[in-house]
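Secondary and tertiary structure notes
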Amino acid sequence: MTSIKIAPSILAADFADLGNEVARIADYIDMVHIDVMDGHFVPNISLGFPVIASLRATTDLYFDCHMMTTNPDVFAENLATAGGNLLTVHAEVFPDPSRAIAAAQREGLDFGLAVSPPTPVEAILPYVENCSQVLVMTVHPGFGGQSFLGEVLGKVERLRKTIDSAGLTTDIQVDGGVTSETAPLARAAGANVFVAGSAIFSQDDPIAACEALRKIIEES
Ligand code: DX5
Ligand code: ZN
């Protein structure tokens, strides 16, 4: 199976000290998960391109950008200019993601498709080969600190079968409520990229939290 990657979500970090928050765990993580929310696709507003650009000036880490917005394709150039690496858009916004795939390609961004809990995996299965990563939301998007919805793991299993049988290397990411207790369940279903916000940045020792999360997944 593909390698395990830890992707801390900065939504749970101290935005006034973002550069240092990421720098202190930089050696223990594989990418930075950046949640962009527009107040339309989800009932919350988080951060935008100026924040991403400021953080980019402090690190070379891979920026995995989860666009919880209604027109992320229109802003692909802004994301690339700010230093984003991966553009993940939601299948609920793009029943046909061709326009978003083209926008990512044009801007030299990797591409990802996400499904919210109520959305069937069939919404993204036909496009897996266009994705460097697929994202199965394990909470309803919009807020950190929610509880993991184990009932969506069937989607992860289905994606793992599809990806492996097609000989693809697409990463399968889970996002929301990921902890040392829930991550092994997602791993067993076939996920290999683990987003964690509160389970890392809200802990007294975020480095220990990253190490413990990786260890428990590797040993599961
Ligand atoms: C929720 C976001 C998540 C969130 C995860 O809409 O997509 O990335 O930050 O936070 P935790 O890990 O606290 O559930
Ligand atoms: Zn996210």
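Up top is the structure.
Now for a look at the structure at hand. In this text the structure is predicted, and so the values were computed from the model without any measurement.

This brings us to the environment of V193. Take V193: it is sitting in strand 8 (residues 193–196). In contact with V193, not counting residues within four places along its chain, are K5, A7, M31, Q133, D171, I172, Q173 and V174.

What follows deals with the nonpolar core. In terms of nonpolar packing, the biggest core is built from 63 residues, with I10, V32, I34, I52, L159 and F194 touching the most fellow members. Other than its neighbours up to four places away in sequence, I10 contacts F15, L18, V22, V32, H33, I34, L47, L55 and F201.

The subject of this paragraph is the sheet that holds strand 5 (residues 110–115). On the basis of which strands lie adjacent, the open sheet formed by 8 strands has the order 1-8-7-6-5-4-3-2 and parallel pairing. The open sheet is flanked by strand 1 (5–8) and strand 2 (32–37), the only strands paired with a single partner. When the angles between neighbouring strand axes are averaged without regard to direction, this sheet yields 25°. The sheet contact formed by strand 2 and strand 3 (residues 63–68) spans 6 bridges and is parallel.

In this section: helix 4 (residues 98–106). Of all the positions in helix 4, only A100, I101, A103 and A104 are classed as buried. Each buried residue of helix 4 sits inside an arc of 160° when the element is viewed along its axis, so together they form one side. Facing away from the buried side of helix 4, by more than 90 degrees, are the exposed residues R99, Q105 and R106. Contact partners of the buried residues in helix 4: helix 3 (76–82), strand 4 (86–90) and strand 5.

On the protein side, the zinc ion (ligand 2) has H33 (NE2), D35 (OD), H66 (ND1) and D175 (OD) as donor atoms, found 2.0 to 2.3 Å from it. Because the angles between the 6 donor atoms bound to the zinc ion (ligand 2) fall within 70 to 173°, the donor set is best described as octahedral. Here the donor residues of the zinc ion (ligand 2) share one chain and are spaced in sequence as H-x1-D-x30-H-x108-D. Here the residue D35 occupies a position in strand 2, and H66 occupies one in strand 3, the gap between them amounting to 31 residues. Across the pair, H66 and D35 agree in class, each one buried.

Our focus in this paragraph is the pairing of strand 7 (residues 171–175). Within strand 7, 5 of the 5 residues are buried, which leaves the element mostly enclosed by the surrounding structure. Side chains D171, Q173 and D175 of strand 7 all project onto a buried face; the interleaved residues I172 and V174 project onto the opposite face, where all are buried too. Here strand 6 (residues 133–137) pairs with strand 7 via 5 bridges, running parallel. When the sheet's bridge partners are listed, V134 is paired in strand 7 with I172. In the classification by handedness, the crossover that spans strand 6, the intervening helix 5 (residues 153–165) and the parallel strand 7 is right-handed. Pairing between strand 7 and strand 8: 3 bridges, direction parallel. Its bridge partner lying in strand 8, V174 is registered against F194. For the handedness criterion, the β-α-β arrangement of strand 7, helix 6 (residues 183–189) and strand 8 is classed as right-handed.

This model, assessed by the stated rule, comprises 1 aromatic pair. The residue whose ring lies beneath R56 is F63, and the NZ or CZ to ring-centre distance is 3.8 Å.

Around ligand 1, a shell composed of 20 residues is seen, among which D35, G142, D175, G197 and S198 lie nearest. Within the contact set of ligand 1, an oxygen atom lies 2.8 Å away from a side-chain nitrogen or oxygen of S9. Here an oxygen atom of ligand 1 sits 2.7 Å away from a polar atom, N or O, in the main chain of G142. Within the complex, 98% of the 380 Å² of free accessible area of ligand 1 lies under protein.

For the rest of this paragraph, the subject is the pattern of salt bridges. For the structure shown, the criterion picks out 8 salt bridges. Two residues, K5 and D171, come together in a salt bridge whose shortest N-O distance is 2.8 Å. On the criterion of sequence distance, the pair formed by K5 in strand 1 and D171 in strand 7 is long-range, its members being 166 residues apart. Take K5: its relative accessible area is 22%, and that puts it in the partly exposed class. For the salt bridge of R160 with D164, the shortest nitrogen-to-oxygen distance reads 3.1 Å. One end of the pair, R160, and the other, D164, are both in helix 5, 4 residues apart, so they sit about a helical turn from each other. Looking at D164, the relative accessible area reads 45%, which means it is partly exposed.

So, how was this worked out
- Residues numbered from 1 in each chain as written.
- Chains lettered and ligands numbered in written order.
- Predicted model: local features only at pLDDT ≥ 70, side-chain atom pairs only at ≥ 80, totals over all residues.
- Heavy atoms only, no water.
- Helix = DSSP H or I, 4+ residues; strand = E, 2+ residues; numbered from the N terminus.
- Contact = heavy atoms within 4.5 Å.
- Core = buried A, V, L, I, M, F, W, Y, C linked by side-chain atoms within 4.5 Å.
- Buried < 20%, exposed > 50% of the residue type's maximum accessible area, 1.4 Å probe, protein only.
- Pairing = 2+ DSSP bridges.
- Axes fitted to C-alpha atoms, helices over the stretch in contact; angles between N-to-C directions.
- Arc of directions from axis to C-beta.
- Donors = N, O, S within 2.8 Å, 3.2 Å for Na, K, Ca; no water.
- Tetrahedral: all angles 85-135°; square planar, octahedral: opposite > 155°, others 65-115°.
- Right-handed = clockwise from strand over helix to strand, strands pointing away.
- Phe/Tyr/Trp six-rings, centres within 6.5 Å; stacked < 30°, edge-to-face > 60°.
- Lys NZ or Arg CZ within 6 Å of the ring centre and 35° of its normal.
- Near = heavy atom within 4 Å.
- Polar contact = N/O pair within 3.5 Å; in protein donor to acceptor, adjacent residues only side chain to side chain.
- Areas by Shrake-Rupley, 256 points an atom, 1.4 Å probe, with all protein chains shown as cover.
- Salt bridge = Lys/Arg side-chain N within 4 Å of Asp/Glu carboxyl O.

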